[in-house]
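Overview (structure and organization)
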Amino acid sequence: QVQLVESGGGLVQAGGSLRLSCVVSGSRFSINAMGWYRQAPGKQRELVATTISGGSTNYADSVKGRFTIARDDAKNTVYLQMNNLKPEDTAVYYCNYRLVVRGIDYWGQGTQVTVSS
């Protein structure tokens, strides 16, 4: 059974930084994508950043230059370093683990990030 456990959310002032972590257990598929999505109140869930096994990354335009995604395959962990946070970054952040070949998505429980102005 695949499980994702997130940590690192919280309350921070605008301009501050947070680092999210997500540990994936129960899966050993080598071809996968790991990433972060977010959902603000009243809005649809949106992609923040993803990284595919092999190292390529993809970012939403709104976070380019401020957020950095990284993965440690030895630890089955994906990180999201968020710098220069803005109030519009406030949302619940969800970790995503995708089995690329099978097209199956797994989700974490979500972690709240709140940025005060």
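Let me begin by describing the structure that accompanies this report. Here the structure is a predicted model, which means the values were calculated and not measured.

The 4 strands are arranged S1-S3-S8-S7 in an open sheet whose pairing can be described as antiparallel. Since the sheet does not close on itself, it has two edges, and those belong to strand S1 (3–7) and strand S7 (67–72), each with one partner. Going from strand to strand, the sheet's axes swing by 15° on average, the running direction of each strand aside.

Under the definition given, this model contains 1 disulfide. Disulfide pairing places Cys-22 opposite Cys-95 at an S-S distance of 2.1 Å. The disulfide joining Cys-22 to Cys-95 has a torsion of about -85° about its S-S bond and is therefore left-handed. Here Cys-95 lies in strand S9 (residues 91–99) and Cys-22 lies in strand S3 (residues 18–25), a separation of 73 residues in the sequence. Accessibility expressed as a relative area gives 0% for Cys-95, which makes it buried.

With that settled, the discussion passes to unusual backbone geometry. Positive phi values are uncommon outside glycine, yet Asn-76 reaches one of about 50°. Mapped onto the elements, Asn-76 comes out in the loop between S7 and strand S8 (77–82). Since its relative accessible area comes to 18%, Asn-76 is described here as buried. Non-glycine residue Asn-84 carries a positive phi angle of around 50°. Its place among the elements puts Asn-84 in the loop between S8 and S9.

Among the secondary structure elements, Ala-74 is positioned in the loop between S7 and S8. Put simply, Ala-74 and Val-5 are 69 residues apart on the chain and 16 Å apart in space, counted from C-alpha to C-alpha.

Before going further, it helps to examine the nonpolar core. For soluble globular proteins, the rule of thumb is that nonpolar side chains tend to be buried together. Ranked by internal contacts, the top residues of the largest apolar core, which has 27 residues, are Trp-36, Val-48, Phe-67, Leu-80, Met-82 and Tyr-93. Counting only elements with at least two residues in this core, the list comes to S3, strand S4 (32–39), strand S5 (46–52), S7, S8, S9 and strand S11 (111–116). With 5 residues, S9 is the single largest residue contributor to this core. Contacts of Tyr-93, omitting those with residues within four sequence positions, involve Glu-6, Leu-20, Trp-36, Tyr-37, Arg-38, Val-48, Phe-67, Leu-80, Met-82, Gly-110, Thr-111 and Val-113.

Attention shifts here to the side chain of Thr-77. Here Thr-77 lies in strand S8. Residue Thr-77 is classed as buried on the basis of its relative accessible area of 6%. Discounting residues that sit within four places of it in the chain, Thr-77 has contacts with Cys-22, Val-23, Met-34, Ala-70, Arg-71 and Asp-72.

Conventions we followed
- Residues numbered from 1 in each chain as written.
- Predicted model: local features only at pLDDT ≥ 70, side-chain atom pairs only at ≥ 80, totals over all residues.
- Heavy atoms only, no water.
- Pairing = 2+ DSSP bridges.
- Helix = DSSP H or I, 4+ residues; strand = E, 2+ residues; numbered from the N terminus.
- Axes fitted to C-alpha atoms, helices over the stretch in contact; angles between N-to-C directions.
- Disulfide = S-S within 2.5 Å.
- Buried < 20%, exposed > 50% of the residue type's maximum accessible area, 1.4 Å probe, protein only.
- Core = buried A, V, L, I, M, F, W, Y, C linked by side-chain atoms within 4.5 Å.
- Contact = heavy atoms within 4.5 Å.

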